[in-house]
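Descriptive analysis of the structure
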Amino acid sequence: MTDQTIAADIVSADNDKRQPALAADYAALGEKLARDNSDIEAITQKVSEFFVAVPSWGVGTGGTRFARFPGFGEPRHIFDKLDDCAVIQQLTRTTPTVSLHIPWDKADPKELKAKADALGLRFDAMNSNTFSDQADQAHSYKFGSLSHVDAGTRQQAVEHNIECIEIGSALGSKALTVWVGDGSNFPGQSSFTRSFERYLDSMRTVYKALPDDWRLFSEHKMYEPAFYSTIVQDWGTNYLIAQTLGDKAFCLVDLGHHAPNTNIEMIVARLIQFGKLGGFHFNDSKYGDDDLDAGSIDPYRLFLVFNELVDAEHRGVKGFHPAHMIDQSHNVTDPIESLMSSANEIRRAYAQALLVDRAALEGFQDGNDALMASETLKRAYRTDVEPILAEARRRAGGAIDPVAAYRASGYRKSVAAQRPAVKGGSGGII
Ligand SMILES: [Mn+2]
């Protein structure tokens, strides 16, 4: 970190107040874990090495289908957004990378790179946008993009994705995430078969433009903006895409893009088993693509997803390195606070999953002891790992309590003085 966005003495003053209690809690948890043959230092080390990318669009205030209420001191452009992302990283030490969205974040790649370098940030997967029209584009995406009936529109969408790869290459990114809104609102409006064939043809061209060390993530979503059918509606279709395209193509799982009550952790396990899990968009939901803060609605589900990830890590699954990204929209909170909170919740789920006694679990599974198998997971999940998370942050130079340090800094108020109130809407929910 070369540029401290929040003065270091504000963070250390807040940490100093909290340090004695943390030291006591950490020691107590260490003793408790030692009784279960778990080494707290080993877990703290693993947690310190777990990172998740912040979405550039997440630091702005989102909106609903009905309205958007601009926030106070909102970022005006990508350079302001990077400043906000740097605050999240400075306090949590969990989010050293940013996932960009083109064209929302379009700027001179050299300037973007220089700004990120100054803030100690790097770039994660690039995100393309063919679900809305830009002022200067020749063809409209109203009736689709990569699967559009018109070849010229498909070509325009393909070229946009290739441009995202080119921009990302200049920035040091290594992946492209593709999510499209293509679909239909009426039975019969489009042919399921022909539209999917057109989509695959377009994606083959995008895939060919990938550098050797890049990965392509396709992201499925059950519905919205199309309400009757969606071209990449579920993990089955997503898997077919990844299989059809080749070794560099993987499935991206956004936790909010499934029907309510879908067993997402099982989808994760299947994709791992067949080598096609590319990564995640973490968030939480109650009903649909709610884009709520990770772990805010169903933290047990988040834990169960991480249980599958840690299990794969434990088994040494070859080539297993899923991308971790947050994808949220914030309507009623300060986006920086929400993103810090989510980064912590994601690490919490990881730490809890590391505590699962895997040998015992396997024994209970093989012995058909359903109750004890469930209890083995619950025992890990019930452990309050906050001292591990706080200690990992503290040792890395972050805040013991990121939200408290952030509030003490007055960051939002100080940037609001330079960022005039935003008028009008901008994208935010994907
Ligand atoms: Mn997403």
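Here goes a summary of the coordinates provided. (Residues numbered from 1 in each chain as written. Predicted model: local features only at pLDDT ≥ 70, side-chain atom pairs only at ≥ 80, totals over all residues.)

This part is about the sheet that holds strand β2 (residues 97-99). Spatially, 3 strands are ordered β1-β2-β3 in an open sheet, and the strand pairing comes out parallel. Taken across any chain shown, the strands that pair with only one partner, and hence form the sheet edges, are β1 (54-55) and β3 (122-123). By the bridge criterion, 2 bridges tie β2 to β3 in an arrangement that is parallel. Paired with Thr-97 across the strands is Arg-122, a residue of β3. (Pairing = 2+ DSSP bridges. Helix = DSSP H or I, 4+ residues; strand = E, 2+ residues; numbered from the N terminus.)

It is worth spelling out unusual backbone geometry at this point. The omega angle of the peptide bond from Ile-102 to Pro-103 is 15 degrees, so this bond is cis rather than trans. Locating Pro-103 in the fold gives a position in the loop between β2 and α4 (109-119). Omega for the bond connecting Glu-224 with Pro-225 falls within 30 degrees of zero, at 10 degrees, which places this linkage in the cis form. Counting through the fold element by element, Pro-225 comes out in the loop between β7 (215-219) and β8 (229-230).

Of all the residues in α4, the buried ones are Leu-112, Ala-116 and Leu-119. For α4, the angular spread of buried residues about the axis comes to 65 degrees, placing them on one side. In α4, the exposed positions that point more than 90 degrees away from the buried face belong to Lys-110, Glu-111 and Ala-114. Turning to α4, the residues buried within the fold contact α3 (78-92), β3 and α5 (151-171). Just past α4, the residue Gly-120 takes up positive phi, approximately 75 degrees. (Buried ≥ 20, exposed ≤ 12 C-beta atoms within 10 Å, placed from the backbone. Arc of directions from axis to C-beta. Contact = placed C-beta atoms within 7 Å.)

To continue, consider helix α8 (residues 264-273). Listed as buried for α8 are Ile-264, Ile-267, Val-268 and Leu-271. Considered in projection along α8, the buried side chains sweep an arc of 100 degrees and stay on one side of the axis. In this fold, the buried residues of α8 make contact with α7 (235-245), β9 (249-254), β10 (277-282) and α9 (299-315). Gly-275 lies just past α8 and shows a positive phi near 65 degrees.

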